[in-house]
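Chain by chain, the residues:
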Amino acid sequence: MPTSYTAREKRRLVWLGLKAGKQSLAGPRDVDTIDDRIKREADRIDQRAEDRGAREVAALQRRLTEKRQAAATAKVTMRTSGGAERAAARREMQEHEQAARRIERELRRYQ
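Residues numbered from 1 in each chain as written. Predicted model: local features only at pLDDT ≥ 70, side-chain atom pairs only at ≥ 80, totals over all residues. Heavy atoms only, no water.

Caption draft 1: Here's a closer look at the overall build of the chain. Check the secondary structure of the chain and you find three helices and zero strands. In the chain, the order of α-helices and β-strands from amino to carboxyl end is α-α-α. Relative to a compact globule of 111 residues, whose C-alpha radius of gyration would be 13 Å, the chain shows 24 Å and is clearly more extended. With the C-alpha coordinates aligned to their principal axes, the bounding extent of the chain is approximately 80 × 20 × 15 Å. (Helix = DSSP H or I, 4+ residues; strand = E, 2+ residues; numbered from the N terminus. Rg over C-alpha atoms; globule rule 2.2 N^0.38 Å.)

Right under this line is the structure:
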């Protein structure tokens, strides 16, 4: 599942991890001595980041579909026209394809 942590969430998770580690070392080895509140807060942060990541991936996929469709439309215009209109359509197609590649690179961050 894609996750998208904010800088604040990352810092908070590190702090919670340190606190949990300290609690773990303080108690007996055969008993879980980590406070349940720490576990619940870390789980909440993870869940929020997962939800945010899923929404971002969905939005990026929608934009990618739009850009690919626009590139295809410009390509058809390019192929069916001539002269200055053809050159303008070629530039438009190339711009849409570049934008689609940027979106694809951004999507790879979530995989």
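Back to the text.
Caption draft 2: Quick look at the packing of aromatic side chains. Evaluation of the coordinates by the stated rule reveals zero aromatic pairs. Above the face of the Y110 ring, R109 is positioned so that its terminal group lies 5.7 Å from the ring centre. (Phe/Tyr/Trp six-rings, centres within 6.5 Å; stacked < 30°, edge-to-face > 60°. Lys NZ or Arg CZ within 6 Å of the ring centre and 35° of its normal.)

Caption draft 3: Summary view of the nonpolar core. Listed in full, the seven residues of the largest apolar core are V57, L60, L64, A100, I103, L107 and Y110. Secondary-structure elements contributing two or more residues to this core are α2 (36–80) and α3 (83–108). Filtering out sequence-adjacent residues up to four positions away, Y110 remains in contact with P2, T3, S4, G53, E56, V57 and L60. Counting five residues, the second largest nonpolar core, distinct from the first, contains L16, A20, I38 and A42. (Core = buried A, V, L, I, M, F, W, Y, C linked by side-chain atoms within 4.5 Å. Buried < 20%, exposed > 50% of the residue type's maximum accessible area, 1.4 Å probe, protein only. Contact = heavy atoms within 4.5 Å.)

Caption draft 4: Fine view of α3. The first and last C-alpha atoms of α3 sit 38 Å apart over 26 residues, in line with the 38 Å expected at 1.5 Å per residue. Those residues of α3 not exposed but buried are A89, M93, H96, A99, A100, I103 and L107. Packing partners of the buried residues in α3 comprise α2. (Expected span 1.5 Å × (residues − 1).)

Just distances and angles here, no functional claims.
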